[in-house]
Structure formats: C-alpha cells, structure tokens
Amino acid sequence: MDKKGHLIVISGFSGVGKGTVVKNLVDKYGYSLSISATTRAPREGEVDGREYYFKSVADFQNLIDYNGFIEWAQYVDNYYGTPRKFVETEMAEGRDVILEIEVQGAMNVKRQYPDAILIFIAAPNAEVLKERLAGRGTETEEVINKRMKRAAEESHDIDEYDYIVVNDDLDQCVQDVNSIIVCKKCMRENNLSFIEDIKRELQMK
Ligand code: 5GP
C-alpha cells in the first residue's frame, strides 16, 4: 500500500445520521477524523475541540486570511471550515482522514485533491429525513424547515459524488462505507509506488 493517507469526504443531508456513521467508522476501523471550526453556537452536550472548534466570526475570518483552512463554506447562517494543519499532517503520516462536510466544501476538496473519495449518505426517502430532523429535538421548526429546503437544494449535488450509501440500517451503512474506502485504496493506481518497490525487490532476489 502506498504510504500517504487518503482523504475521505462524507456528506449527506442534515439529519441523515452521518455523524453517527462517521463515529462508528472512527471507532471500528480507526480512521482519523478532522474536527472542523464553526461559527455556530454549540448544541447541548457539544464540547469545544470534540465536535467542533467553536469560533467567533472574527476568529474564523482570521483563519481564512491566514490560509488556515483547506476549505470553508457558509451553511444556513453559519461558517464551517476544515483546519489545514491537522489534515495535512495526518495524511503525510499515512493516516486516512475523514472530513464530514457539506456539498460546497466537498467540491472544493475534490478540486484540490482529485484522489479524495467522495461519499454521500442518503436517507431512504424524504419523509424519513424530515422525521429524523424533527426527532433530534434540538432544532426549532424554523431551522428544520430551512434544513429541509437546503436538503432539496443539496439533492441536485448528489450527482457530484462518487458513491451513494443509504443509511437505513446503521451497521450496514458503516460497513458499506468502509468497503468503499478499502476498495478504493486497493486500486492499482493508488499503489504505484508499492508495485515499483516490490518489482525492484524481486529483481534483486
Ligand atoms: P451541523 O451544524 O449540523 O453540525 O452541520 C451543518 C453542516 O455543515 C453539515 O452538513 C456538516 O457536514 C457541515 N460541515 C461541518 N463541518 C464542515 C466543514 O469544515 N466544512 C464544510 N464545508 N462543511 C462542514
């Protein structure tokens, strides 16, 4: 296997359960998870530095100015960004890094890292998505409606993703996402230096 880690971008509609999918991927398979910065207020139970780095708009702007993000985007009324240093260090050390980000950010990452694996987590249907959003109980009706509207817009971007996984059964979804990543990592084009090395080694035997 080639040494450099892979970048895995996971997107999906708000409320689809992608946070849980990602947590399972990290716990079960040891992927490295990038923690984003955001200007949105913490939800109950969220801890600075665990779910997000919670920032003021001024601090976020400062990070943009200093090229501190690989990508950043505005989502609903807040800014979200992927800190550059963590991702670059992890990848350089051979670890596969998951970014759980929205569509604009995913497209931006794809432009900079054409090898990134883009996976979209979908709900089985729109009704289930709305039920899950309402069921979370942390958002107001107004925010739920905004997010459903945003989901309708995002549905047009599904076409940009390499892989679509439906989150109906959590374990199956997690297993499918892992299989996609393993499959992509095993592709010949992602193992060119390994192939070169083993050929050279065998010549010398
Ligand atoms: P939430 O407020 O529900 O935690 O996140 C809202 C949306 O922002 C989700 O779709 C989430 O994937 C996305 N998001 C989280 N972090 C980032 C980031 O660093 N960059 C971008 N572009 N989107 C992000």
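Before reading further, recall that the structure is shown in the block above.
Presented here is a report on the structure given in the accompanying data block. (Residues numbered from 1 in each chain as written. Predicted model: local features only at pLDDT ≥ 70, side-chain atom pairs only at ≥ 80, totals over all residues. Heavy atoms only, no water.)

**Brief notes about the packing of helix 1 (residues 18-29) against helix 7 (residues 170-186)**
The description of two helices packed together rests on the angle between their axes and the distance between the axes. Look at helix 1 against helix 7: their axes get within 10 Å of each other, and the N-to-C directions meet at 65°. With respect to the hand of their crossing, helix 1 and helix 7 are arranged in right-handed fashion. Between helix 1 and helix 7, the residues in contact are T20, V21, N24, L25, K28 and Y29 and L170, D171, C173, V174, Q175, V177 and N178, respectively. Looking at the contact of helix 1 with helix 7 residue by residue, the class counts come to seven nonpolar, four polar and two charged. (Axes fitted to C-alpha atoms, helices over the stretch in contact; angles between N-to-C directions. Helix = DSSP H or I, 4+ residues; strand = E, 2+ residues; numbered from the N terminus. Left-handed = near helix turned anticlockwise from the far one by under 90°. Contact = heavy atoms within 4.5 Å. Nonpolar A, V, L, I, M, F, W, Y, C, P; charged D, E, K, R; others polar.)

**Some remarks on the site of the ligand**
In the vicinity of the ligand lie 16 residues, with S36, R40, Y52, Y80 and E102 positioned nearest. Side-chain polar atom of E71 to a nitrogen atom of the ligand: 2.7 Å apart, as the coordinates give it. Residue T82 places a main-chain N or O atom 3.3 Å away from an oxygen atom belonging to the ligand. Those elements that provide at least two residues to the shell around the ligand are strand 5 (69-75) and strand 6 (78-83). (Near = heavy atom within 4 Å. Polar contact = N/O pair within 3.5 Å; in protein donor to acceptor, adjacent residues only side chain to side chain.)

**What about the pairing of strand 1 (residues 7-12)?**
With six of its six residues buried, strand 1 lies for the most part within the structure. Burial along strand 1 is two-sided: L7, V9 and S11 facing one way and I8, I10 and G12 facing the other are all buried. Sheet analysis places strand 1 next to strand 8 (residues 117-122), joined by five bridges and oriented parallel. Residue I8 lies in a different strand from strand 8, and its bridge partner there is I117. (Buried < 20%, exposed > 50% of the residue type's maximum accessible area, 1.4 Å probe, protein only. Pairing = 2+ DSSP bridges.)

**Details of the side chain of T82**
By secondary structure assignment, the location of T82 is in strand 6. Within the local environment of T82, its side chain forms a polar contact with the side chain of E71, the two groups lying 2.5 Å apart. Those residues in contact with T82 that sit more than four places away from it in its chain are S34, S36, G68, F69, I70, E71, V87, L99 and I101.

**Considerations on the packing of aromatic side chains**
Going through the model one piece at a time under the given rule, you end up with ten aromatic pairs. Ring geometry for F120 and Y161: centres 5.1 Å apart, planes at 70°, overall edge-to-face. Linking F120 in strand 8 with Y161 in the loop between helix 6 (141-154) and strand 9 (163-166), this pair joins segments that are 41 residues apart in sequence. With a relative accessible area of 7%, Y161 lands in the buried category. One aromatic cluster in this structure is built from Y52, F54, Y75 and Y80. (Phe/Tyr/Trp six-rings, centres within 6.5 Å; stacked < 30°, edge-to-face > 60°.)

**Topic: the side chain of R84**
In this structure, R84 sits in helix 3 (residues 84-92). Leave out the neighbours within four places in its chain, and R84 touches N67, G68, F69 and I70.

**Here we look at the pattern of salt bridges**
The full count for this structure, using the stated rule, is 14 salt bridges. Ionic pairing is found between E51 and R50, a salt bridge with its closest N-O pair at 3.0 Å. Connected via shared salt-bridge partners are R40, R43 and E46. (Salt bridge = Lys/Arg side-chain N within 4 Å of Asp/Glu carboxyl O.)

**Some words on the sheet that holds strand 1**
An order of 2-7-1-8-9 is seen for the five strands of this open sheet, with the pairing classed as parallel. Two strands lie at the open edges of the sheet, namely strand 2 (32-33) and strand 9, each paired on one side alone. When strand 2 meets strand 7 (residues 97-100), the two strands line up parallel, connected through two bridges. Its bridge partner being in strand 7, L33 is matched across the sheet by I98. Across the sheet, helix 4 (residues 103-112) is in contact with strand 1, strand 7 and strand 8; its angle to strand 1 comes to roughly 155°.

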